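Take a look at the letters that make up each chain.
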Amino acid sequence: MTSRETKTPASKTRDIKTLAMTGPLWALLALNFFMADMQSGIGPFVGVFLQSHGWTSGLIGTALTIGNVAGMLITTPIGGFIDTTDHKRAWVIVPGVAVVVASAVILVSQAFWAVALSQIATSIAGAAIVPAVTGITLGMVRQRGFNRQNGRNQAFNHAGNMLGAAASGYLGWRYGYVAVFLLAAGFGVLTIASVMMIPSDAIDHHAARGKEDDPESQPHGFTVLVKHKPLLVLAVSLAIFHLGNAAIVPLYGLAAVAGGLTNGPGVVATTIVVAQGVMVIMSVVGMHAAERRNFWPVLLASFLALPARGVLAYFLSGWWGVFPVQILDGIGAGLQSVAVPGIVARTLNGTGRVNLGQGAVITIQGIGASLSPALGGWIAQWIGYQLAFLCLAGFGLLSVALWISLRGVVKHY
């Protein structure tokens, strides 16, 4: 065991303060800021880019779905790998390079399997970066400092998303898709530079996997995912929430455009910028709220945003309605970006499987989000857009009911 691993809690606290003074935590914040745009590459523009090259909507949807399914399947195993490795920075660097290369492939070749493989690579890379950065953060600040640092991380990440979306939209409109790729590549280089500025010895790999207090014991088996009741309650609640939440923005945009009330690109750009701006604020609010109490009420508030959002979408129409609808989306997503990693880190502390748990929760909520557009689209086709919004809001109420009824299982987190 190294001397760093045998330090007392008091010395660990001093280490955290030293990190803040000497710069590695600023590098971590820069990593979260720049990785936001690098993760997606030209992802938000893939559909319209392929459409301009003669692709039908069916082929576009199939290629994107292949990538999404690959990402969901690999997220949990990757979280397990990140728990066991002492090279967590490499799990940011390699995926970062992969995202840039995958984006370049789409620009060079629009053959179906080239695009599909590009989407698979992008999804797998995205699946690796999130738990890797979570592990790096936990290893740097440990359990005691994780909530506050994760709140800052998320604020910087949402700010990076907002800036990246606005810059990509402008560059794509002004100079074309190549400019969007160059921007993503630039963010990729800055992401890699940021993670390289974090010294490898600043990361306690035992703490990073949730083994800070008992580093020599063996980590729990993968069965911890199905035996741990708080984790199951969290994952199912999130899956139900995202089953209703993910479809609202696409349906609202379709309803507005179908009614001739606005233009498609304007709606898309506005939804991204408004939501990410609110998420910056709410990630900080969620961080402070969790410090005063715990994560349970923070996540409850995020679930309540969906019913309110669905009701607003029911009554509002036109381009201006996107603002209140997306403000509520930003509230829910911003709070969850702090609460979900925080709950997983706390509930799995001591198991050595924190990043495996992060990957599993991301996978399960991703299943709900991936099914939501299809569910919302069919509901809207059967009963109309307005009533579809109310039906989707009902999934938020189900999440609230589950979270409250099983409060005894998760209230201490």
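Residues numbered from 1 in each chain as written. Predicted model: local features only at pLDDT ≥ 70, side-chain atom pairs only at ≥ 80, totals over all residues. Heavy atoms only, no water.

- The chain carries the name MFS transporter in an unreviewed UniProt entry, which gives Bradyrhizobium macuxiense as its organism.

## Digging into the pattern of salt bridges
Turning to step 1, where the next piece is worked out: Within this structure, the stated rule accounts for 4 salt bridges.
Turning to step 2, where the next piece is worked out: In this structure, the salt-bridge partner of D204 is R142, at a minimum N-O distance of 3.8 Å. Note that D204 is positioned in the loop between α7 (177–196) and α8 (205–208) and R142 in helix α6 (residues 112–175), a separation of 62 residues in sequence.
Turning to step 3, where the next piece is worked out: The class of D204 is buried, set by a relative accessible area of 3%. (Salt bridge = Lys/Arg side-chain N within 4 Å of Asp/Glu carboxyl O. Helix = DSSP H or I, 4+ residues; strand = E, 2+ residues; numbered from the N terminus. Buried < 20%, exposed > 50% of the residue type's maximum accessible area, 1.4 Å probe, protein only.)

## Thoughts on α6
Turning to step 1, where the next piece is worked out: The terminal C-alpha atoms of α6 lie 25 Å apart, and with 64 residues this falls more than 12% below the ideal 94 Å at 1.5 Å per residue.
Turning to step 2, where the next piece is worked out: Of all the bends in α6, the greatest measures close to 115 degrees and is centred on R142. (Expected span 1.5 Å × (residues − 1). Bend = angle between axes of the 7 residues up to and from the residue.)

## Comments concerning the packing of helix α14 (residues 322–347) against helix α15 (residues 354–383)
Turning to step 1, where the next piece is worked out: Close contact between α14 and α15 brings their axes to 9 Å; oriented N to C, the two are set at 140 degrees. The angle between α14 and α15 places the two elements in the oblique class. Along this stretch, α14 crosses α15, giving a crossing that reads as right-handed. Along its contact with α14, which presents V340, P341, V344 and A345, the element α15 presents V354, G357, Q358 and V361.
Turning to step 2, where the next piece is worked out: Looking at the contact of α14 with α15, its residues break down into 6 nonpolar, 2 polar and no charged. (Axes fitted to C-alpha atoms, helices over the stretch in contact; angles between N-to-C directions. Parallel < 35°, antiparallel > 145°, perpendicular 65-115°, else oblique. Left-handed = near helix turned anticlockwise from the far one by under 90°. Contact = heavy atoms within 4.5 Å. Nonpolar A, V, L, I, M, F, W, Y, C, P; charged D, E, K, R; others polar.)

## Structural notes on the packing of α6 against α7
Turning to step 1, where the next piece is worked out: The N-to-C vectors of α6 and α7 enclose an angle of 160 degrees; their axes lie 9 Å apart at closest approach. In terms of axis orientation, α6 runs roughly antiparallel to α7. α7 is crossed by α6, and the crossing has right-handed handedness. Across the interface between the two elements, I136, G164, A167, S168, L171, G172 and Y175 from α6 touch Y177, A179, V180, L183 and V195 from α7.
Turning to step 2, where the next piece is worked out: Looking at the contact of α6 with α7 residue by residue, the class counts come to 9 nonpolar, 3 polar and no charged.

## Here's the deal with the environment of A246
Turning to step 1, where the next piece is worked out: Mapped onto the secondary structure, A246 falls in the loop between α10 (229–245) and α11 (248–258).
Turning to step 2, where the next piece is worked out: Looking at A246, the relative accessible area reads 27%, which means it is partly exposed.
Turning to step 3, where the next piece is worked out: With 127 residues separating them in the primary sequence, A246 and P373 have C-alpha atoms 6.6 Å apart.
Turning to step 4, where the next piece is worked out: If we ignore the near neighbours within four places in the chain, the residues touching A246 are A369 and S372.

## Looking at the environment of G176
Turning to step 1, where the next piece is worked out: Following the sequence through the fold, G176 ends up in the loop between α6 and α7.
Turning to step 2, where the next piece is worked out: Taking the relative accessible area as the measure of exposure, G176 reaches 21% and is therefore partly exposed.
Turning to step 3, where the next piece is worked out: Along the sequence, G176 and F49 sit 127 residues apart, while their C-alpha atoms lie 9.7 Å from each other.

## Let's talk about the confidence of the model for the chain
Turning to step 1, where the next piece is worked out: On average, the chain scores 81 in pLDDT, and the residues at 70 or more come to 82%.
Turning to step 2, where the next piece is worked out: Per-element confidence in the chain ranges from a low mean pLDDT of 45 for helix α1 (residues 9–22) to a high of 93 for helix α13 (residues 295–315).
Turning to step 3, where the next piece is worked out: Within the model, pLDDT remains below 50 along residues 1–21, and this stretch shows 24 contacts once partners closer than five positions in the same chain are excluded. (pLDDT = per-residue confidence, 0-100.)

## Concerning the side chain of S372
Turning to step 1, where the next piece is worked out: With respect to the helices and strands, the residue S372 is situated in helix α15.
Turning to step 2, where the next piece is worked out: For S372, the side chain forms a polar contact with the main-chain oxygen of L243, separated by 2.7 Å.
Turning to step 3, where the next piece is worked out: Reaching out from S372, the side chain makes a polar contact with the backbone nitrogen of A247 at a distance of 2.9 Å.
Turning to step 4, where the next piece is worked out: Leaving out residues up to four positions away in the same chain, S372 has contacts with H242, L243, G244, N245, A246 and A247. (Polar contact = N/O pair within 3.5 Å; in protein donor to acceptor, adjacent residues only side chain to side chain.)

## Some words on unusual backbone geometry
Turning to step 1, where the next piece is worked out: In the Ramachandran plot, R142 falls in the positive-phi region, its phi being about 65 degrees despite a non-glycine side chain.
Turning to step 2, where the next piece is worked out: On the accessibility criterion, R142 (4% relative accessible area) is buried.

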